[in-house]
Amino acid sequence: MSAVIKLENFSKTYYTGAVDVHAVRGVSLEIQPGEFVAVMGASGSGKSTLMNAIGCLDRPTSGKYWLDGVDVGTLDRDDLADLRNEKIGFVFQGFNLLSRTSALENVELPMLYARPGVRGRDQLDRALKALETVGLSDRADHHPNQLSGGQQQRVAIARALVNQPKLLLADEPTGNLDSRTSIEIMGVFQELNAQGMTVVMVTHELDIAHYSSRMVIMRDGRVVTDERVTDRLFAPKELSRLDREQQAVQLA
Amino acid sequence: MIVLATLKIAVRALKRNTLRTLLTMLGIIIGVGAVIAMVSIGNGAKARIESQIAAMGQNVILVMSGNISRGGFRFGFGNPGTLKVEDYEALRREVEGVAAISPEIRVSAQVAAGNQNHFPTVVGVGSAYVDIRSWRFASGANFTEADVRNANKVALIGQTASETLFGAGTDPVGQVIRIKNAPFTIVGFLKSKGMGMGLSSQDQDDVVFVPYNSAMKRLTGDTTFRSFSIQAATPDLMPSVQSEVIELLRQKHRIGPGREDDFIVRTQREISETATETSRTMTMLLGCIAGVSLLVGGIGIMNIMLVSVTERTREIGVRMAVGARGKDILMQFLIEAVTLSIVGGLIGILLGVGSSRLLSAKMGWETLTSPESIVTAFVFSAAIGIFFGFYPARKAAKLDPIDALRYE
């Protein structure tokens, strides 16, 4: 099986002002289908730059990047947009849902830009199915401001899934959520991963990273650690543990 | 991306800020409305002038007294003075190709009937006048050449004058009116011709015609005419009739070569050309002023679209992240701008048509809303949307998705 993500000596340099910023310096990385990878690092470590590149929002300064066998470095703006549409589902820290737009319509958004287009009837079916996957079928006509943070992030995940991408890319997906909701979202990711979805997640929280199966730690634009997660956490177990602890507190 | 879906997005975005959308549209609404109303007024005036000139009669040449200098004083057009009875007789006898000729003399006089007083236009004319100016009779008949010769006290009366003096629906033929206390018997009742030339709203039907001899001898005591109306037998004869008239009058008035005429000769076409030119200039002027307001409306759209792009930077980032191409974003904002301007344009058309109707009804101004001006205004408003929407839309399309997503 070919790698979903293959980076070869990937570098990104920003030429802003007097000093060139070497955000990522020569990273080589391969992520296979079905992996759940957490990219960690302090701020300024280059992990966001790496994420943008993996998300085809940006192109490498030097080195190569293949997404699902496609050499991203040779593509123009429009091709990158099509590639994102087809192969990547984005989940952001701030959810980035369109306000005053129903959950359903938010989920339908990527299909508006699909080539070839999706018929209206199929659009609705697929959007509803994606919402069902994240357990929000009953909130389809709610607007983002009527939903909790966790629910909003689920809508965002449904939006990411609706075009059946090869890769789910999450940038600090739990950054704006409390710990319980964070675990719930990790649960959704783990479930999707179990069904075969490749997930790449940037986080700076170590406990969140432990829900993944592989941890990549970056420092100063380089990968310093790349290892299997040995003491992996599982969301259902953690949730019931959390419930027990809360009960204990209440009893005391 | 399907245009319909983009349209839906645009409409939703516009609905999100109803007040702002309406205010932005207002510029276009007023602009388009003003263009349509102004052009309607201009066209209405033009149509009226044209029908007015057609009502002057066929192949008519006007000779007006004018440009006389006496003792260093220069008198303007229409002054009593230069057109004498002998001139009339000579023109009648000697010019070839004349079908009919009539002198005119204005009488400024009060007209009374019973206990009613009125100030209509009283004109002394020849018996051919009503034919030349294509007046028709509602009842009665024209006065005769004998009436003119004998200076009989007979008169023709127009609709408005008759209504004022005798009341609506009364046939005035046989009634007696007193002009400057001289009793005149009405022999003919004229059919209506409508409003007068230009915006002055002079009523053509508020008129009394008497034989010119009667006017001169019994009313004014003048010995000169104000003007002659000459009808050429055919359109082809007009140039030769015109030059013969000029030659004869110069000879009669003993005007040496190189000296200015003391009369003015105008053919119907010349008058109509001047009048149409004037009304065309007016229409253009009004249209230009209205066009400026349309332009200002367009700038308003551009302004709001720029604000909207900045406000929705994150939305643009999200759309780009999930696969929108620059072109999709461009289309989205362009369609939004065009929707603004087209809806504004449609409302403006209604407003323009409505206000020109209102102007005709309340002010009595004739207006003419042509389908062309409506179509032009509509296309123009759409074009304004594209023109002024393009820059903001392109700005949105060129955003970098990473920066847009990070925008606070």
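The structure displayed is predicted, hence computed values, not measured ones. (Residues numbered from 1 in each chain as written. Chains lettered and ligands numbered in written order. Predicted model: local features only at pLDDT ≥ 70, side-chain atom pairs only at ≥ 80, totals over all residues.)

1. A short note on the overall build of chain B
For chain B, the helix and strand inventory stands at 13 helices and 16 strands. Projected onto its principal axes, the C-alpha positions of chain B cover 100 × 55 × 40 Å. Taking contacts inside chain B between residues at least 6 apart in sequence as the whole, the part at least 24 apart equals 82%. (Helix = DSSP H or I, 4+ residues; strand = E, 2+ residues; numbered from the N terminus. Contact = placed C-beta atoms within 7 Å.)

2. Side note on the overall build of chain A
Assigned secondary structure in chain A consists of 8 helices and 10 strands. Across its three principal directions, the C-alpha atoms of chain A cover 55 × 50 × 40 Å. Going through the 252 residues of chain A one by one, you find that 45% of them count as buried. Considering only residue pairs separated by 6 or more positions, chain A has 69% of its internal contacts joining residues 24 or more positions apart. (Buried ≥ 20, exposed ≤ 12 C-beta atoms within 10 Å, placed from the backbone.)

3. A closer look at the sheet that holds strand β5 (residues 70–71) of chain A
Residue and element names in this part refer to chain A. A sheet is described by the order of its strands in space; here 4 strands give the open sequence β2-β1-β4-β5, paired in antiparallel fashion. With one partner strand each, in any of the chains shown, β2 (19–31) and β5 form the two edges of the open sheet. Relative to strand β4 (residues 62–67), strand β1 (residues 5–16) runs antiparallel, the two being bridged by 5 bridges. Looking across to β4, one finds that Glu8 is bridged to Lys64. (Pairing = 2+ DSSP bridges.)

4. Points about the domain arrangement of chain B
When its domains are assigned, chain B resolves into domain 1 (3–52 + 275–406) and domain 2 (67–261). Here domain 1 of chain B and domain 2 of chain B have C-alpha centroids that lie 53 Å from each other. (Domains from an automatic or database assignment.)

5. Notes on the pairing of strand β3 (residues 36–41) of chain A
All names here are of chain A. By the criterion of burial, β3 is predominantly enclosed, with 6 of the 6 residues buried. Both faces of β3 are covered, namely the face carrying Phe36, Ala38 and Met40 and the face carrying Val37, Val39 and Gly41. Bridge count for β3 against strand β9 (residues 214–219) is 5 bridges, and the pairing is parallel. Of the residues in β9, the one forming a bridge with Val39 is Val216.

6. With respect to the interface of chain A and chain B
Facing the 18 residues of chain A at the interface are 18 residues of chain B. Of all the secondary-structure elements, those providing two or more residues to the side of chain A that touches chain B are α2 (77–87) and α3 (103–112) of chain A. The biggest single contributor to the side of chain A that touches chain B is α2 of chain A, with 6 residues. Taken together, the residues that form the side of chain A that touches chain B break down as 8 nonpolar, 4 polar and 6 charged. (Nonpolar A, V, L, I, M, F, W, Y, C, P; charged D, E, K, R; others polar.)

7. Brief notes about the environment of Pro60 of chain A
Residue and element names in this part refer to chain A. With respect to the element layout, Pro60 can be found in the loop between α1 (47–54) and β4. What makes Pro60 partly exposed here is the crowd of 19 C-beta atoms within 10 Å. Expressed as a C-alpha distance, the spacing of Pro60 and Val24, which sit 36 residues apart in the sequence, is 9.3 Å. In contact with Pro60, other than residues within four places in its own chain, are Phe10, Ser11, Lys12, Ala53, Tyr65 and Gly73.

8. Quick word on the packing of helix α11 (residues 326–363) of chain B against helix α12 (residues 371–397) of chain B
All names here are of chain B. Two elements in contact, α11 and α12, have axes separated by 7 Å at closest approach and are oriented at 150°. Taken as axis vectors, α11 and α12 run roughly antiparallel relative to one another. When the axes of α11 and α12 are compared, the crossing they make is right-handed. For the contact of α11 with α12, the class distribution of residues is 21 nonpolar, 8 polar and 2 charged. (Axes fitted to C-alpha atoms, helices over the stretch in contact; angles between N-to-C directions. Parallel < 35°, antiparallel > 145°, perpendicular 65-115°, else oblique. Left-handed = near helix turned anticlockwise from the far one by under 90°.)

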